[in-house]
Amino acid sequence: MDGPNDDESAHLTWTRAEAVARLLELQKAAESRELVDPRTALDEVDRLAVAFAGDRQVEALVEATRAVLKMTTAPGPVDVDGLRRMFENLSQMAGEQANPLMELMPDYLDAVQSFQHGGDLPATRARFAEILKRSEGLPNSALGQQLTAHIALVSELMGSLDDSMPDRDETAHDRRPEAARKIADRPSATDAERAMGLLAAGTAALNRGEEQDVGRINEGIADLREAVKLSSDQPEHVMHLAGLALALYHRSLVTGSLGDVDEAIAVLEEARKLARGPADPQWSMVTELLSQFRRRRGESSSSSPAGLDALRGHAWQVLLQPDPGSARTTARKAAQDAVDEAGRRLVDHEPEGALRALDAGRGLLLFAATELRDPCTRLTQAGERGLADRWRSEEQPSAWLRDDVIEVLSRETDLLDPPTLEEIQEALGRLGADALVYLVPATAAMPGWAVIAPAEGTPRYLALPNLVIDDGMEIERYLAAAAGRDAARLRNSRDFETVELTDFVESLEALCGWAWKAAIGPIVKPYLEHASDRTPRLVLIPMGDLARVPWQAARRPDGTYLVELAAVSQAASARMLCASAAAGPVRQTATGLIVADPVTGKPTSDLLSARLEAYAIHRTFYPGATYVGRRPDGTVSGSGAGTPDEVRNWLRADGSHAGTMLHFATHGDMTTDPARASSRLLLAGGDLTAEELIRTLDADRHPIGLVVLAGCHTGQSIHGYDEAYSLGTLFLASGARTVLSTQWSIPDQDTSLLMYMFHHFLSTERRPPGDALRLAQLWMLDDARKPPRDMPAPLRRMLADADPARITSWAGFVHWGQ
């Protein structure tokens, strides 16, 4: 479809009326599926936006046209924020006539966003039902009629997804196909709308995969075949083919017919061919189904790489999400699909394929948590420095800017590919480690697993049936106690010490025995049996809530801890481990930044011993470092109170003068909600979020060798934790070579001793960070421990009153990176 003038400069001479007419023409063409080149149309809309910048009516039409083009030419997630801005602009122009429509839109968009972010399905379905009832009173305008039909269709589609709504009578599912067909039979319905209505009818007839009546199933398949015919020239055709394939597969389960399976495979192969590649929104779904159906026909994972191909499609969908919350939700879903694919690979005895699947999923989570938030490094490497500068300058990047950034990022088709076994082994060799171990918790369908990549040789795996997170299990009690303890400390509760000395310690002691039995004992056994004078070294990647387990404190039945037998580090993914290993070392200096217990203005507890620890570290090991926050006596340092700006300024400074060590003895917080997962440091006069940190840090200008997060780690949700969103992971993703982080709110006094000894072994005895932490932990466990000569008198007095060997005193620190 050609415009009045396709030359780019022509838009500068168009009248306002011509621009409005052209935008409306593009909308109509998109809705009628007449656009030949949607990308060119979007470029044209962008040029009109520039030519008529400042004209609010044209800007509103531009937003509307972009939304229509994206929704009708590339089925996928709705850009809710863009639509919300569009309706706000339209409502200001349309006057009172549009009020009923505009009043409905915020609730409708909130419901769409809740659904896209993985919100509670029954609650979201109820919201759509209520919105549908309200939409019946919309004005009898074209837009009002279209919106009413769309809401009705979405409500029906959601009805086919869930049967847990209250007050649902037993015959309700019998009426759903009929209701959906009424939508398809509307006289004014387009072929696209009829096809969607028949898709809803066919899906409803299957009764969420529970229908056993072959007659009803056949009716649903007939509806779906008609939907496929009607959509043959539409972008939704791939989705309709997938719906038909699912229905055929369901009939095969009821009747036992392998002929239906074969037809379903043929339909999906056609859909996959039409989807063309991972950039298509339906690619992952089609490819995953194809893998599942082929397995039904007896094909193994190795003969059918479709499962791994599907994960590549997830990578594109993370890139293309309309907002960070949607990207994180999509990445979590992809990570779970990766775990499922890894399980299938292990059933087929393919540990190397399982490693690739697991790391593909982890890579998506990390990308959504790190590089998707600040892609400036990749943009600069791609020769788009101006685009990188625009991204840094906009506090809330516009939808247009985000699209431009995604277009550049998506050029690197191997962006999210997991590392090969050879790359992992090269990284392990550089780090002097013996093996990388993925720990995957059990599910209802699969046992727990350890998937092991050795530094030399072939991968192997172990089934771990006791690696279960469930009610009544040791890890569940520990997670609950840790959450209660973190909450008590964050609110400065007087119950903190009581919580620590009772529930938490008891649950932690039980957890350490469970950790050995459930995972560590079987994993470490061959390394201990063949050990020489060299200490075995393992790098663990615990999945999900397993990342909160202090694996270094796994306790053998004779009372020996893993840290006494082996050196243990953790990683967020194999790809990140490879990046850390490949990065050049950063020379340690006597300078850096130390942040000690700033006054946050929030009801958090004072970290009295942390001040003493930080001050002693500053005076003894880093006399040239900048010390901000509070001194041991509670007075504010002359160098600063420990504000976000002071940390930002240090991160932006030239590393050759500012130093390469960053030590936080502060409170921290973490949000585990999938849509807004994030971490933050609580500082004087405000918080510093992970997003701000990663946007501020320039590893080329200011390389950081060591980050120590030695304060209070608070993650108040019992479940939902993922290391991808921790401050430590974000520092590593930004180029820091080594990170030490805590897994719970640790006791000030005893932790101060551990931290001092860590810096002693690091700076005085020149040990690598991982070794320095392990030696400090062994010192804490040694009943014959002696303070080093450089330990200041206040810490020596503290040692006389402390219980360093207590498990809460030393087990909470984890080493990451080099």
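What comes next is a walk through the structure. The shown structure was predicted, so the numbers you read here are calculated from the model rather than taken from an experiment.

Assigned secondary structure in the protein consists of 32 helices and 14 strands. When the 818 residues of the protein are sorted by exposure, 56% land in the buried category. Across the protein, contacts joining residues at least 24 apart in sequence account for 73% of those joining residues at least 6 apart. As displayed, the protein offers around 33400 Å² of accessible surface, 50% of which is attributable to carbon and sulfur atoms.

Moving on, we get to the environment of Y527. Relative to the helices and strands, Y527 resides in helix α22 (residues 496-529). Apart from the residues within four sequence positions on either side, Y527 is in contact with D434, A435, I452, R460, P536 and L538.

Ring pairs (aromatic) are described by centroid distance and by the angle formed between their planes. This structure, assessed with the given rule, holds eight aromatic pairs. Between Y561 and W810, the aromatic rings sit 5.0 Å apart at their centres with planes inclined by 75 degrees, giving edge-to-face as the arrangement. Taken as a pair, Y561 in the loop between β4 (537-542) and β5 (567-570) and W810 in helix α32 (residues 807-810) lie far apart in primary sequence, 249 residues in all. Like Y561, the residue W810 is buried in the burial classification. Judged by centre distance (5.5 Å) and plane angle (85 degrees), the ring pair of Y615 and Y627 falls under edge-to-face. Of this pair, Y615 sits in helix α24 (residues 608-620) while Y627 sits in strand β7 (residues 626-629); the two residues are 12 residues apart in sequence, bridging distant segments of the chain. Taking the relative accessible area as the measure of exposure, Y615 reaches 25% and is therefore partly exposed. Aromatic ring contacts, followed pair by pair, group F621, Y622 and Y756 into a single cluster.

For the coordinates displayed, the defined rule picks out 21 salt bridges. Notably, a salt bridge pairs R537 with D771, separated by 2.8 Å at the nearest N-O pair. One end of the pair, R537, is in strand β4; the other, D771, is in helix α30 (residues 769-781), and 234 residues separate them in sequence. By relative accessible area, which is 26% here, R537 ends up partly exposed. We classify D771 as buried; its relative accessible area is 13%. Via salt bridges that share partners, E341, R344, R345 and E350 belong to a single interconnected network.

Procedures and definitions
- Position numbers for residues start from 1 in each chain and track the written sequence from start to end.
- Given that the model is predicted, a residue must reach a pLDDT of at least 70 before its local features are reported, and side-chain atom pairs must reach 80 or more before they are shown or counted; all residues, however, enter totals for whole chains, interfaces and linings.
- To get the side-chain values, all heavy atoms of the structure are used, and hydrogens and water are removed first.
- Helix and strand labels come from DSSP, where a helix needs a run of H or I of at least four residues and a strand needs a run of E of at least two; each type is numbered from the N terminus.
- Whether a residue is buried, partly exposed or exposed follows from its accessible area with a 1.4 Å probe, protein chains only, as a fraction of its type maximum: under 20%, in between, or over 50%, in that order.
- In what follows, residue pairs with any heavy atoms lying within 4.5 Å of each other are defined as contacts.
- Reported accessibility uses the Shrake-Rupley method at a 1.4 Å probe radius. Residues are deemed covered only where the shown protein chains occlude them.
- Under the pairing criterion, centres of Phe, Tyr and Trp rings, with the six-membered ring standing for Trp, must be within 6.5 Å; the plane angle then separates stacked pairs below 30 degrees from edge-to-face pairs above 60, leaving the rest tilted.
- Salt-bridge detection follows one rule: a side-chain nitrogen of Lys or Arg within 4 Å of a carboxyl oxygen of Asp or Glu.

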